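Listed below, chain by chain, are the residues.
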Amino acid sequence: MEKQTLGRTDELAMERTRLANERTFLAYFRTFIVFLSSGFAILKISALEEIMTVGYMLVIIAPVLLITGLLRFLHVRKQLRKHYYTRV
C-alpha cells in the first residue's frame, strides 16, 4: 500500500486521531492506577477482610489493563505511521 500525501484538512484529522489515541491511553493508565491503589488499600485495611479476594482481583487486573492500553496505543500509532506521512 502506497503512503498518501495529506492535505491540510487531512493533517488536522490525523492530529485529532493521534490526540484521541493518547487520551485513550491515559484513560487506560488512570484506570490502572485506580484499580491498583484500590486493590492495595483493600488488602492493607484489616476491617475489609471479607473482601480480600476483591483486593487480589483488582491487583491482578490492574497490570492487564495497563498492558492492554499500551498495546492498543502502540497499534494505533503504528497504523497511523504505516498509512500516512505525518508527524505522528
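Worth saying up front: this structure is predicted, and the values here are computed from it rather than measured.

Definitions and cut-offs
- Residues numbered from 1 in each chain as written.
- Predicted model: local features only at pLDDT ≥ 70, side-chain atom pairs only at ≥ 80, totals over all residues.
- Heavy atoms only, no water.
- Helix = DSSP H or I, 4+ residues; strand = E, 2+ residues; numbered from the N terminus.
- Buried < 20%, exposed > 50% of the residue type's maximum accessible area, 1.4 Å probe, protein only.
- Contact = heavy atoms within 4.5 Å.
- Areas by Shrake-Rupley, 256 points an atom, 1.4 Å probe, with all protein chains shown as cover.
- Expected span 1.5 Å × (residues − 1).

**Q** I tried to follow the overall build of the protein chain on my own but got confused; where do I start?
**A** Counting secondary structure elements, the protein chain contains two helices and zero strands. Here the protein chain holds 88 residues, and 19% of them are scored as buried. Considering only intrachain contacts with a sequence separation of at least 6, the fraction spanning at least 24 residues in the protein chain is 65%. When the accessible area of the protein chain is evaluated, it comes to approximately 6600 Å², of which 64% is carbon and sulfur surface.

**Q** Can you walk me through the environment of Leu-36 in this structure?
**A** Positionally, Leu-36 belongs in helix H1 (residues 8-44). Owing to a relative accessible area of 21%, Leu-36 belongs among the partly exposed residues under this scheme. Spatially, the C-alpha atoms of Leu-36 and Pro-63 are 8.1 Å apart, while their sequence positions differ by 27 residues. Every residue in contact with Leu-36, bar those within four places of it in the chain, is listed here: Val-59 and Ala-62.

**Q** What is the right way to read helix H2 (residues 52-83) from this model?
**A** Counting along an α-helix, one turn takes 3.6 residues, and residues three or four places apart therefore face a common direction. In this model, H2 (32 residues) spans 47 Å end to end at C-alpha, consistent with the 46 Å of a helix rising 1.5 Å per residue. If you follow the buried residues of H2, they end up packed against H1.

**Q** What am I meant to see in the environment of Gly-55 here?
**A** The residue Gly-55 is located in helix H2 in this model. Between the C-alpha atoms of Gly-55 and Ile-42, which are 13 residues apart in sequence, the distance is 5.2 Å. Those residues in contact with Gly-55 that sit more than four places away from it in its chain are Gly-39, Ile-42 and Leu-43.

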